[in-house]
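Spelled out, the chains give:
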Amino acid sequence: NSNAWFQNVAVIGSKAKTKSASKEREHSDSGNLSVVVHGIGDLRLENRPVPVPGPNEVLLKMHSVGICGSDVHYWQHGRIGDFVVKNPMVLGHEASGTVVKVGSSVTHLKPGDRVAIEPGVPRETDEFCKTGRYNLSPTIFFCATPPDDGNLCRYYTHHANFCYKLPDNVTFEEGALIEPLSVGIHACRRAGVTLGSKVFICGAGPIGLVSLLVAKMMGASQVVISDLSSTRLEKAREVGADFALHVANETPQEIAQKVEALLGCMPEITIECTGAETCIQTGIYATRSGGTLILVGLGPAMVNVPIVNAAVREVDIRGIFRYCNTWPMAISMLSSKRVNVAPLVTHRFPLEKALEAFETTKQGLGVKVMLKCDENDQNP
C-alpha cells in the first residue's frame, strides 16, 4: 500500500513538472505580442511564437515602431492597390530594436547592438538590384505589405544586412523615424534639391514634414508648405518651414499664385505628399517652367491633371517608390544632429494599447504615433 502511495505521489509530481514545463514552453513560444490585421476593420492583439533567426538573420527585441498611414489603410480597407490582405498579417514597418540572437552566417552584428530596420529586403539579385535601385525589384520582401508580416511585435527576425547599427547618441525613436525620413531623402534626391533651391511641399503630414527637414538640410533656401490643418502647419513652422500656407477652398491655380507670391518666384521643385487630385494639379501649375514635380503621395489610380501645361513648360514629373540606399545617410544626419526628427513624435503608447494608438492615428491626431514594444523600456 505504502509503495502504491509513493508511486501515486511520484506520478502526480511528474505530471505537475510536465505541466509547469509545458506552461513555460507555451510562454516562450507565444510570448510575442503582435498587432495583426485579419481583414477590413479587424485589428487584433495576439500572441505568436517567438521566431528563430535563419543563417543570415538576426532576432530582434523590438523597441519603437511608428504607425504609418499605410498600416491604418490596411486595417480600414484591407488593401492598398493590388496588395490585398488575404491572410492575417502583422503590421508595422517603421522600426528599431535590439539584437538578441544572430544567425550562423552573421558577423557584423552581435547581441546587444541597437539597430534601425530597413523594411525592404530584395529576394533576388535582379536587374534592379544590379543598378542599385533594389526598391523597384518586383519580388522584394517588404514589412507589412501582403503577404509579408511586419514588425509591430515584441520579437522579430530580419535580414542582418538590412539592420543598421545606431550610434549611442541616436535614440530608438529616431531609429524608427529613419523609415519616413528615408522617403524624404529619396524624394529630395529624385527632385535634385540643392543649394539655393526654392521648394513647395503639398501636405504637412509626417512625409511632408520629413521632406521639409531634408530639403532644408540639402540646401533649399526657402520652403513653402501647404495644408488644410493649422495644427500641422504650426508643426511645420516649428521644424523649419519658411512659409506655411493654409489652404481651404482655393482653386489649384489660386494656390499656385499664392506660392509664387510668398517666394517671389515660382519654385523649381514641388514635392506632392497628399495624393489628392487637386494637389497634383496645384503642383503642375505651381512649378516653374523647366522645374520638377515629385509625386510622393498615393491617391486614386486615375487622376485628371493639366498634362499639356506641364509638357509645354517642360516640367518633369517624377514618381518615387519608397526609397533605396538611404539608411547610412539618415544615420549620419541624425548622429551629427543636423536633422532633428524628435518633434515629429506627438503620441506614445505601450504595445498593449496598440488598438487605442491606431484609433488615435485614424483620427488624424498629432503627427507621428509611436508604439513602445519593450515592456521594460518605454523611453524614446
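The name given to the chain in an unreviewed UniProt entry is Sorbitol dehydrogenase, with the source organism recorded as Pelobates cultripes.

**Brief notes about a nonpolar patch on the surface**
A cluster of nonpolar side chains, Ile307, Val308, Val312 and Ile317, forms an exposed patch at the surface whose accessible area comes to about 380 Å². Among the elements that make up the nonpolar patch, the one with the highest residue count is helix H10 (residues 307–312) (three residues). The topology assignment puts Val312 in helix H10. Accessibility expressed as a relative area gives 65% for Val312, which makes it exposed.

**Overview of the side chain of Lys372**
Mapped onto the elements, Lys372 comes out in strand E20 (residues 368–372). With residues near it in sequence (within four places) discarded, Lys372 still touches His63, Ser64, Glu173, Phe349, Pro350, Leu351, Gln378, Asn379 and Pro380.

**Focus: the sheet that holds strand E2 (residues 42–48)**
Spatial strand order, E2-E1-E6: three strands in an open sheet with antiparallel pairing. Two strands bound the open sheet, and with one partner strand each, they are E2 and strand E6 (89–90). Bridging between strand E1 (residues 32–39) and E2 involves seven bridges; their strand directions are antiparallel. Directly across from Val37, in E2, lies its bridge partner Leu43. In the packing of helix H2 (residues 69–77) onto the sheet, the strands contacted are E1, E2 and E6, and the crossing angle to E1 comes to about 50°. Running at roughly 150° to E2, helix H12 (residues 354–362) makes contact with E1 and E2 of the sheet.

**A short note on the packing of helix H5 (residues 178–191) against helix H6 (residues 206–217)**
Helix packing for two helices is described by the angle between their axes and how far apart those axes are. Two numbers describe how H5 lies on H6: the axes approach to 8 Å, and their chain directions differ by 55°. If you check the angle between H5 and H6, you find them oblique. For the element pair H5 and H6, the recorded crossing hand is right-handed. Counting all contacts with H5, which are made through Pro180, Leu181, Val183, Gly184, Ile185 and Cys188, the residues of H6 involved are Ile207, Val210, Ser211, Val214 and Ala215. Broken down by class, the residue content of the contact of H5 with H6 amounts to nine nonpolar, two polar and no charged.

**Remarks on the UniProt feature "domain: Enoyl reductase (ER)" (unreviewed entry) in the chain**
As annotated in UniProt, the feature "domain: Enoyl reductase (ER)" (unreviewed entry) corresponds to residues 39–371 in the numbering used here. For residues 39–371, helix accounts for 30% and strand for 26%, while the C-alpha atoms at its two ends are 21 Å apart.

**Some remarks on the environment of Ala241**
You can see Ala241 is positioned in the loop between helix H7 (230–238) and strand E15 (243–246). With a relative accessible area of 12%, Ala241 lands in the buried category. Residues Ala241 and Val224 lie 17 residues apart in sequence; the distance between their C-alpha atoms is 6.4 Å. With residues near it in sequence (within four places) discarded, Ala241 still touches Leu212, Val223, Ile225 and Ala236.

**Describing the pattern of salt bridges**
Counting across every chain of the model gives 20 salt bridges. One network of salt bridges, in which partners are shared, links Lys61, Arg154, Glu352, Asp374 and Glu375.

The rules behind each value
Residues numbered from 1 in each chain as written. Predicted model: local features only at pLDDT ≥ 70, side-chain atom pairs only at ≥ 80, totals over all residues. Heavy atoms only, no water. Patch = residues over 30% accessible without salt bridge, like charges linked within 9 Å, V, L, I, M, F, W, Y side chains within 5 Å. Areas by Shrake-Rupley, 256 points an atom, 1.4 Å probe, with all protein chains shown as cover. Salt bridge = Lys/Arg side-chain N within 4 Å of Asp/Glu carboxyl O. Helix = DSSP H or I, 4+ residues; strand = E, 2+ residues; numbered from the N terminus. Buried < 20%, exposed > 50% of the residue type's maximum accessible area, 1.4 Å probe, protein only. Contact = heavy atoms within 4.5 Å. Pairing = 2+ DSSP bridges. Axes fitted to C-alpha atoms, helices over the stretch in contact; angles between N-to-C directions. Parallel < 35°, antiparallel > 145°, perpendicular 65-115°, else oblique. Left-handed = near helix turned anticlockwise from the far one by under 90°. Nonpolar A, V, L, I, M, F, W, Y, C, P; charged D, E, K, R; others polar. UniProt positions renumbered as here; feature names shortened; annotations may be inferred.

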